[in-house]
Amino acid sequence: MQSSNEPGFIKNLRQWLEPLIVPLLAIITAVILGGLIIKSVGGDPFAAYRGLVQGAFGSKKALSETAVWATPYIFAGLAVAFAFKGGLFNIGAEGQLAFGAVAAALIGYALPKWLGHDIPAFIHIPLAVGLGMLAGGLWAAIPGALKAYTGGHEVINTIMMNYIALNITSFLLNGPMKDPNPLNVVARTPAIAKSARIAPIFDGLRVHWGFVLALLVALLIWWILQKTTLGFEIRTVGSNPDAAKYAGINVQRTIIISMAISGMLAGLAGAIEVTALNYRHELGFAVGYGFDAIAIALLGKTNPFGVVLAAILFGAMRNGGTRMQFLTQIPVDIISVIQALILLFVAADAIIRFIYRIRVREERVVLTRGWGG
Amino acid sequence: MKKLYLVTALMIVASIILTACGAPATTAPTQAPVTSAPTEAMTEAPTAAATEAPTQAATQAPSGQAPDCTKPDVFCVGFVTDVGKIDDKSFNQTAWEGVQKAQSDGVANWVQYIETTDSKDYDKNIATFADAGYDMVVTWGFALTDATYNAAKQYPNTFFVGGDQFLSKDDNHPDWPLANLVGVVYNEDQSGFLVGALAAMVSKSHKLGAVCGTDAVPPVWRYGEGYKAGAAYEDAKNSTKTEVTVVYHSDVGFDKTFTDPTWGADTANSMIDKGADAIFGCGGKTGNGAVDAAAQRKVYAIGVDTDQYFTLPEAASQMLSSAMKPETQPVADIIKLAKDGKFPTGGLYAGPSGYAPYHDLASAVPANVDAEMQALLAGLTDGSIKTNVPPVKPAQ
């Protein structure tokens, strides 16, 4: 069966599919278990999943909304995945995303007022998005520097800095940046100027150019990681900092850069949500995206293209939940349950390997050699 | 071996996809196991569905299948929550009960809700109902104001009802009022008036206190001023002299004014030290802090918005009443008006005012006081009694 005269393209296909097996089986297992849970509370799992699929992919509008949902997930997922490549666990995407959104909103609504006149869109949009990106990057560079120079663990520091970021955001949106409209009672900024708004791609649908940007950024991140010296350094530091140091790589600098780029990607997630979708920053928007991003990065095996696929899957599930509720009145919480199960099975892939009797990596290497390529 | 498992896995996927696409929708929709946590869904949902949502089970189970809402003789109502749960025991739940009431009264043929999980879904959730031919969509919460306004413009043949959405004609809403959109608003001054009158009648020291959030928020100001006006009304009637102190937490920012229970408790305590024997807490957690302090000092506590006897169990034994904004009835009423072709015009619909039952303190309220309260409520409702509180705080 595994003969040495296997055609080359099948072998290539096998190599491409190999890393996909565990995530795919994790998703399938989670979906089956989710169905059993729906069944056990008296629901019809098939009706529920039919609603989910229809809601996520069943029409032009559904596809558009799935892309809208996937956009911040791609950016934030890339953020976490990029840090993973550098051997860093960035749990702070939530806070970096919030700062990216705050900065983009501030530039979006206040800059024309400060300058006293309108700004053309081709300057205003890059400025708002760019400063949002920068805000996230700077915020993430702090735990990066703490790690590089003091050894302070980035997991602890990024978690702590989430609280700082979210509370500062809360203060800003309730205080100095609050929408002064007397009818407004919620914590949100004024709407950003028209010149700072990224347009939808199609009339009547909300999918915007931010989604295209997200795909391009995924490509860019893959290129940086695989084709540049910086990417090589980051991956080397990630897999073995001692060897990297011995090889003459500036480990401290690389750690800070890894975190900064990771934070920039998270900041971009927030900035794009503000400039392309909400047109303002409102407290409570994007809650949990930074944490979903960890699941997405893990499900995507920290590969930029894997992250895109995982983000689209998570976006589709979040988006399709509405139609599932509408058709069956099954609570949307089930979506969170399925996502949690996926994460569980991806993180603890021994479970999946045990259930489906998939051999572990070491054996696979031997097998691959056995194919005699 | 590996191939075998792969094939099995693929077959499972295929069977899921095929059944999902192929099976006709014959099975009855479930009765929405309304639970709050995913873990609960596994263990408690069946019982929760049976006990917590009896109306829903009763009304949806027999019909089973959703009717065709696009038909003119089928009146369907959709309900979209703000980010939150349908069974939150307050805001969303009371409004949804109004929608359900319209169904059990035979006004609406079919009702359905969508819980919003993220603010970016407001438009989509509203459109899901409108696209399915629902006759009316009820959205609940200030944050849905713009989404509801935009949907009302996009779907002129669908009625829209917005809870807590005080719209006016401005840059973002240039075409307000729309013929198919109404915001439910409340005369908080009347509810404040009622509890103020009640406190003035049962107070022994004739000193009353109110601890409120910032008066920059019009409903809060109306509660506080209504409270004063109610006490003054009873003073004039019974020739008593009641001293009413209303303190607004306007000295801090919006981030703090409704979330400062410590300040609320301190302020209430200093009022009680000066002899006040009834405290009205109006302003989120700040007011709750005042109510709790009042209950600890064994003076009368008065809640706000909903019957806080149920939401503040620590203070329940001293809870005299609450200034209420009932939501269930106005929602049911508007649905009926729309079905009868008498949808309210002018963009705003004033919800009723009210006060909560006395519960544990019923014995402290004499029969004549209770009778007077009912007369006040009737008078305020029919307009024969006026609070004389303007809708917003006049500029100084």
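Keep in mind the model is a prediction, meaning the values are calculated, not measured. (Residues numbered from 1 in each chain as written. Chains lettered and ligands numbered in written order. Predicted model: local features only at pLDDT ≥ 70, side-chain atom pairs only at ≥ 80, totals over all residues.)

Moving on, we come to the overall build of chain B. Counting secondary structure elements, chain B contains 15 helices and 12 strands. Split into buried and exposed, the 396 residues of chain B put 51% on the buried side. (Helix = DSSP H or I, 4+ residues; strand = E, 2+ residues; numbered from the N terminus. Buried ≥ 20, exposed ≤ 12 C-beta atoms within 10 Å, placed from the backbone.)

Attention now goes to the overall build of chain A. In terms of regular secondary structure, chain A is built from 15 helices and zero strands. Over its C-alpha atoms chain A spans a radius of gyration of 22 Å, differing by no more than 12% from the 21 Å that the globule rule assigns to 373 residues. Taken over the C-alpha atoms alone, chain A extends approximately 75 × 60 × 35 Å along its principal axes. Sorting the 373 residues of chain A into buried and exposed places 54% on the buried side. Taking the intrachain contacts of chain A between residues at least 6 apart in sequence as the baseline, contacts between residues at least 24 apart amount to 78%. (Rg over C-alpha atoms; globule rule 2.2 N^0.38 Å. Contact = placed C-beta atoms within 7 Å.)

Below, the discussion takes up the sheet that holds strand S7 (residues 243-248) of chain B. Residues and elements named next belong to chain B. As summarised here, the arrangement of the six strands in space is S7-S6-S8-S9-S10-S12, forming an open sheet in which the pairing is mixed. On the outer flanks of this sheet lie S7 and strand S12 (354-355), each paired with one strand and no other. Sitting on the sheet, helix H11 (residues 261-273) is in contact with strand S6 (207-212), S7 and strand S8 (278-282), with an inclination near 170° to S6. (Pairing = 2+ DSSP bridges. Axes fitted to C-alpha atoms, helices over the stretch in contact; angles between N-to-C directions.)

The subject of this paragraph is the confidence of the model for chain A. Averaged over all residues, the pLDDT of chain A equals 89, while 94% of them reach at least 70. For the stretch residues 362-373 of chain A, pLDDT sits under 50, and the model shows eight contacts to residues farther than four places along the chain or on other chains. (pLDDT = per-residue confidence, 0-100.)

Moving on: the pairing of strand S4 (residues 159-163) of chain B. All names here are of chain B. Summarising burial for S4: five of the five residues are buried, a large majority. Side chains of S4 alternate between two faces, with Phe159, Val161 and Gly163 and Phe160 and Gly162 buried alike. With five bridges connecting them, strand S3 (residues 136-140) and S4 associate as parallel partners. Bridge assignment links Val137 to a residue of S4, and that residue is Phe160. Regarding topology, helix H7 (residues 145-154) serves as the crossover connection from S3 to the parallel S4, and that connection is right-handed. (Right-handed = clockwise from strand over helix to strand, strands pointing away.)

So, on to the domain arrangement of chain A. All names here are of chain A. Split by domain assignment, chain A resolves into domain 1 (1-43 + 330-373) and domain 2 (63-327). The distance between the C-alpha centroids of domain 1 and domain 2 comes to 29 Å. Across the boundary between the two partners, domain 1 contributes 11 residues, which contact 10 residues of domain 2. Looking at the side of domain 1 that touches domain 2, the elements that each hand over two or more residues are helix H1 (8-40) and helix H13 (333-347). The class makeup of the residues in the side of domain 1 that touches domain 2 is 10 nonpolar, one polar and no charged. (Domains from an automatic or database assignment. Nonpolar A, V, L, I, M, F, W, Y, C, P; charged D, E, K, R; others polar.)

The next thing to look at is the environment of Thr328(A). Its place among the elements puts Thr328(A) in helix H12 (residues 304-328). Taking the C-alpha atoms as reference points, Thr328(A) and Gly43(A), separated by 285 residues in sequence, lie 7.7 Å from one another.

Residue and element names in this part refer to chain A. Considering the arrangement of structural elements, one finds Ala76 in helix H3 (residues 60-85). With 231 residues separating them in the primary sequence, Ala76 and Val307 have C-alpha atoms 9.4 Å apart. Those residues in contact with Ala76 that sit more than four places away from it in its chain are Ala93, Leu97, Ala266, Ala269, Tyr289, Gly290 and Ala293.

Of all hydrophobic cores here, the largest spans 172 residues; its most connected members are Phe75(A), Ala76(A), Leu78(A), Ala79(A), Val77(B) and Ile335(B). With residues up to four places along the chain from it excluded, the contact list for Ile335(B) reads Val77(B), Val99(B), Ala102(B), Val107(B), Ala108(B) and Met136(B). Counting residues in each nonpolar core, the second largest holds 56 residues, with Val195(B), Met201(B), Met319(B) and Leu320(B) among its members. (Core = buried A, V, L, I, M, F, W, Y, C linked by C-beta atoms within 7 Å.)

Attention shifts here to the packing of helix H6 (residues 122-131) of chain B against H7(B). All names here are of chain B. Two numbers describe how H6 lies on H7: the axes approach to 9 Å, and their chain directions differ by 35°. As H6 runs across H7, the sense of the crossing is right-handed. Residues Tyr122, Asp123, Ile126, Ala127 and Ala130 of H6 form the contact with H7, whose participating residues are Ala147, Thr148 and Ala151. Split into classes, the residues belonging to the contact of H6 with H7 amount to six nonpolar, one polar and one charged. (Left-handed = near helix turned anticlockwise from the far one by under 90°.)

Let us look at the sheet that holds strand S1 (residues 76-83) of chain B. Residues and elements named next belong to chain B. Taken in spatial order, the six strands make up an open sheet running S2-S1-S3-S4-S5-S11, and their pairing is parallel. Two strands in the sheet have a free side with no partner beyond their single neighbour: strand S2 (110-116) and strand S11 (348-351). Going from strand to strand, the sheet's axes swing by 20° on average, the running direction of each strand aside. Here six bridges tie S1 to S2, and the two strands are oriented parallel to one another.

Before going further, it helps to spend a moment on the environment of Asn238(B). Structurally, Asn238(B) can be placed in helix H9 (residues 218-238). With 12 C-beta atoms packed within 10 Å, Asn238(B) lands in the exposed category.

Both trends apply: most residues other than glycine have a negative phi, and most peptide bonds are in trans. At the junction of Trp176(B) and Pro177(B), the peptide bond is cis and its omega measures out at -5° in the coordinates. One can find Pro177(B) in the loop between S4 and strand S5 (181-186). One non-glycine residue, Gln329(A), lies in positive phi territory at about 60°. Mapped onto the elements, Gln329(A) comes out in the loop between H12 and H13. Judged by the 24 C-beta atoms lying within 10 Å of it, Gln329(A) is buried. Its identity is not glycine, yet His359(B) carries a phi of approximately 50°, on the positive side. Relative to the elements of secondary structure, His359(B) occurs in the loop between S12 and helix H15 (367-382). With 15 C-beta atoms counted inside 10 Å, the residue His359(B) sits in the partly exposed group.

With that settled, the discussion passes to the pairing of S2(B). Most of S2(B) sits inside the fold, with seven of its seven residues counted as buried. Residues Trp110(B), Gln112(B), Ile114(B) and Thr116(B) of S2(B) are buried on one face, and the alternating residues Val111(B), Tyr113(B) and Glu115(B), pointing to the opposite face, are buried as well.

A separate point is helix H5 (residues 121-150) of chain A. Helix length check: H5(A) (30 residues) gives 43 Å between terminal C-alpha atoms against 44 Å at 1.5 Å per residue, within 8%. Count one or two residues on from H5(A) and you reach Gly151(A), which has phi positive near 80°. (Expected span 1.5 Å × (residues − 1).)

With that out of the way, let us pick up the packing of helix H7 (residues 209-227) of chain A against H12(A). Residue and element names in this part refer to chain A. Two elements in contact, H7 and H12, have axes whose closest approach is 8 Å; the angle formed by their N-to-C orientations is 155°. Taken together, the axes of H7 and H12 are roughly antiparallel relative to one another. Of H12, the residues touching H7 (which contributes Leu215, Ala218, Ile221 and Trp222) are Pro304, Phe305, Val307 and Val308. Tallied by class, residues from the contact of H7 with H12 come to eight nonpolar, no polar and no charged. (Parallel < 35°, antiparallel > 145°, perpendicular 65-115°, else oblique.)

A few words on the confidence of the model for chain B. For chain B, the average pLDDT comes to 82, and 82% of its residues sit at 70 or higher. Prediction confidence for the complex, expressed as pTM and ipTM, is 0.76 and 0.80 respectively.

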